[in-house]
Amino acid sequence: MDLPIGSRAVELTVRVDPFACGACACCFTPPIDFLADGAHASERLFRRAAELIQHADVANAAWFFALPEKNLEDGC
């Protein structure tokens, strides 16, 4: 998820090929700069939600972005 455009939700589809280490044969996916670690939302969305939470609360910010409250509690 990313910040909405007007009243429309924005869902990002990111495809990243896994990398295989030649030395140990382990596979991994590199980090993606604009996505929050372990989250399904962009850093930009979390920053805006954090700003909103300063003026309201987690429940209202979650409602505004159509996210579960738990996502904002963990991410912000």
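Caption draft 1: Representation of unusual backbone geometry in the model. Phi is positive for Ala-25, close to 65 degrees, though the residue is something other than glycine. Inspection of the secondary structure assignment puts Ala-25 in the loop between β3 (19-20) and β4 (27-28). The phi dihedral of Ala-66 is positive, around 55 degrees, even though this residue is not glycine. Position of Ala-66 among the secondary structure elements: in the loop between α2 (58-65) and α3 (69-75). By relative accessible area, Ala-66 is classed as exposed at 61%.

Rules and cut-offs
Residues numbered from 1 in each chain as written. Predicted model: local features only at pLDDT ≥ 70, side-chain atom pairs only at ≥ 80, totals over all residues. Heavy atoms only, no water. Helix = DSSP H or I, 4+ residues; strand = E, 2+ residues; numbered from the N terminus. Buried < 20%, exposed > 50% of the residue type's maximum accessible area, 1.4 Å probe, protein only.

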